[in-house]
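One-letter residues, chain by chain:
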Amino acid sequence: METAAVQDLPTADRVEVAQDARSETPLPPVEEARRVAPRDARRLSKMFFDRLALLEEGTAEYQYARNTLIEMNLSLVRYAASRFRSRGQEMEDIVQVGTIGLIKAIDRFDIALENEFTTFAVPYIVGEIKRFFRDTTWSVHVPRRLQELRVDLARAREDLEGQGIHDPSVAELAEHLDLGQEEVIEGLVACNGYSADSIDRPIETTGGRQQTGLVADLIGKEDPELARAEDVQALKPLIDKLDDRAKTLLQLRFGAEMTQSEIGEELGISQMHVSRLLSRACNHLREGLLAES
């Protein structure tokens, strides 16, 4: 009789009666929720989501339902995290990040849409893990556009190598990605910021045996003599344009390393005149170098 009476009620009233009946049914206790088998977790999750939609947020029962859903579905996080095992991060850290994605999925899941929770949750979990790697694993901060371009370049390299093009060139990568060569070069340079190494790390051979010395010993240093040789080569055409007297003054002053007084006695002119001529010649050479730089 009660069932027939409920059936005679309007649709909205029947839904309200059904909700009241569900809210009065106690949730089953789930001990060691983390060890619930995936099949049982899917079945229980539907029950807990159904109740969660009716409970008031902040109540003890609401917290119990939400926390149990999190623990029962941690297997989804471990499954998604296993795909990133080779990234060089501790698996525990990856699982923690993935759990944040799981919590977001639980809070945003709508049981009324009748979607499978696992299908809904996995993109949230994977997205949170990818965001973690994108934002924290680069040794040097680079724009997000270049971080994403690094992934595209890696895939393009794999595709081209699969086609028999080993070590593809910039032009081949640009054509494959339909990008400009300058943008590809920028992405390749940015790839160098993904990982870094300490210059204080001991040198190792290919066999893994440690050698004497550090990585810093292999880094080249600026050679001041090289810069001086470049300056000499840049000065030669400028000196050739000077008159003979200016060339003679420069040769005596900087080649023979004579003082201005000695040059004056050698050429029969005053030391002050020598100083003015040398200053004029040096200023001319300095302006020529600055104009070329």
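The rules behind the values
- Residues numbered from 1 in each chain as written.
- Predicted model: local features only at pLDDT ≥ 70, side-chain atom pairs only at ≥ 80, totals over all residues.
- Heavy atoms only, no water.
- Salt bridge = Lys/Arg side-chain N within 4 Å of Asp/Glu carboxyl O.
- Helix = DSSP H or I, 4+ residues; strand = E, 2+ residues; numbered from the N terminus.
- 1 Å grid on protein atoms, 1.4 Å probe; cavity = no way out; pocket = protein on both sides within 12 Å on 5 of 7 lines; lining within 4 Å.
- Points joined across faces, edges and corners; volume = space filled by probe spheres on them.
- Axes fitted to C-alpha atoms, helices over the stretch in contact; angles between N-to-C directions.
- Parallel < 35°, antiparallel > 145°, perpendicular 65-115°, else oblique.
- Left-handed = near helix turned anticlockwise from the far one by under 90°.
- Contact = heavy atoms within 4.5 Å.
- Nonpolar A, V, L, I, M, F, W, Y, C, P; charged D, E, K, R; others polar.
- Patch = residues over 30% accessible without salt bridge, like charges linked within 9 Å, V, L, I, M, F, W, Y side chains within 5 Å.
- Areas by Shrake-Rupley, 256 points an atom, 1.4 Å probe, with all protein chains shown as cover.
- Lys, Arg positive; Asp, Glu negative; His and termini not counted.
- Charge placed at Lys NZ, Arg CZ, Asp CG, Glu CD.
- pLDDT = per-residue confidence, 0-100.
- Buried < 20%, exposed > 50% of the residue type's maximum accessible area, 1.4 Å probe, protein only.
- Arc of directions from axis to C-beta.

**Observations concerning the pattern of salt bridges**
Here's step 1: According to the stated counting rule, one finds six salt bridges in the structure shown.
Here's step 2: When the shortest N-O distance is used, the salt bridge between R43 and D40 registers 3.9 Å. Here R43 pairs with D40, and both are found in helix α3 (residues 38-52), just three residues apart, close to one helical turn.
Here's step 3: Of the charged contacts in the structure, one is a salt bridge between E61 and R51, with a shortest N-O distance of 2.6 Å. Taken as a pair, E61 in helix α4 (residues 60-72) and R51 in helix α3 lie far apart in primary sequence, 10 residues in all.
Here's step 4: Each of K104, E128 and R131 takes part in a single network of salt bridges with overlapping partners.

**Topic: unusual backbone geometry**
Here's step 1: Located in the positive-phi region is D178, a residue other than glycine, with phi close to 60°.
Here's step 2: By the element assignment, D178 lies in the loop between α9 (170-177) and α10 (181-191).
Here's step 3: Residues other than glycine seldom take positive phi values, yet E257 does so here, at roughly 60°.
Here's step 4: Mapped onto the elements of the fold, E257 is located in the loop between α12 (244-255) and α13 (260-267).

**Thoughts on the layout of surface pockets**
Here's step 1: What the second largest pocket holds in volume is close to 200 Å³.
Here's step 2: In this structure, the second largest pocket is lined by L235, I239, K247, L250, Q251, F254, G255 and L285.
Here's step 3: Those elements that provide at least two residues to the lining of the second largest pocket are α11 (224-240) and α12.
Here's step 4: Top contributing element to the lining of the second largest pocket by residue count: α12, with five residues.

**Points about the packing of α12 against α13**
Here's step 1: Packing of α12 against α13 brings their axes to within 10 Å, and their N-to-C directions diverge by 135°. With respect to α13, the axis of α12 lies oblique. Handedness of the crossing formed by α12 with α13: right-handed. Only I263, E266 and L267 of α13 make contact with α12, whose side of the interface consists of T248, L249, L252 and R253.
Here's step 2: Taken together, the residues of the contact of α12 with α13 sort by class into four nonpolar, one polar and two charged.

**Section: the side chain of T99**
Here's step 1: Here T99 lies in helix α6 (residues 91-108).
Here's step 2: Those residues in contact with T99 that sit more than four places away from it in its chain are I70, L74 and V77.

**Things to note about the environment of Q96**
Here's step 1: Here Q96 lies in helix α6.
Here's step 2: As for Q96 and A81, which are separated by 15 residues in sequence, their C-alpha atoms are 9.4 Å apart.

**Focus: the packing of helix α5 (residues 74-81) against α6**
Here's step 1: Where α5 meets α6, the axes come as close as 9 Å, and the angle between the chain directions of the two elements is 125°. In terms of their interaxial angle, α5 and α6 are classed as oblique. Classified by chirality, the crossing of α6 by α5 is right-handed. The residues of α6 that touch α5, namely those facing L74, V77 and A81, are M91, I94, V95, G98, T99 and L102.
Here's step 2: Of the residues contributing to the contact of α5 with α6, the split by class is seven nonpolar, two polar and no charged.

**A look at a positive patch on the surface**
Here's step 1: Together, R83, R87, K130 and R155 make up a positively charged patch on the protein surface.
Here's step 2: You can see K130 is positioned in helix α7 (residues 117-136).

**A short note on the confidence of the model for the chain**
Here's step 1: Of the residues in the chain, 74% have a pLDDT of 70 or more, and the chain-wide mean is 78.
Here's step 2: Contacts for the low-pLDDT stretch residues 1-9, under 50 throughout, to residues beyond four places or in other chains number five contacts.
Here's step 3: Between residues 11-22, whose pLDDT stays under 50, and residues either more than four places distant or in other chains, the model counts nine contacts.

**Focus on α5**
Here's step 1: Restricting attention to buried positions, one finds in α5 the residues L74, L76, V77, A80 and A81. Axial view of α5: buried residues confined to an arc of 150°, hence all on one face.

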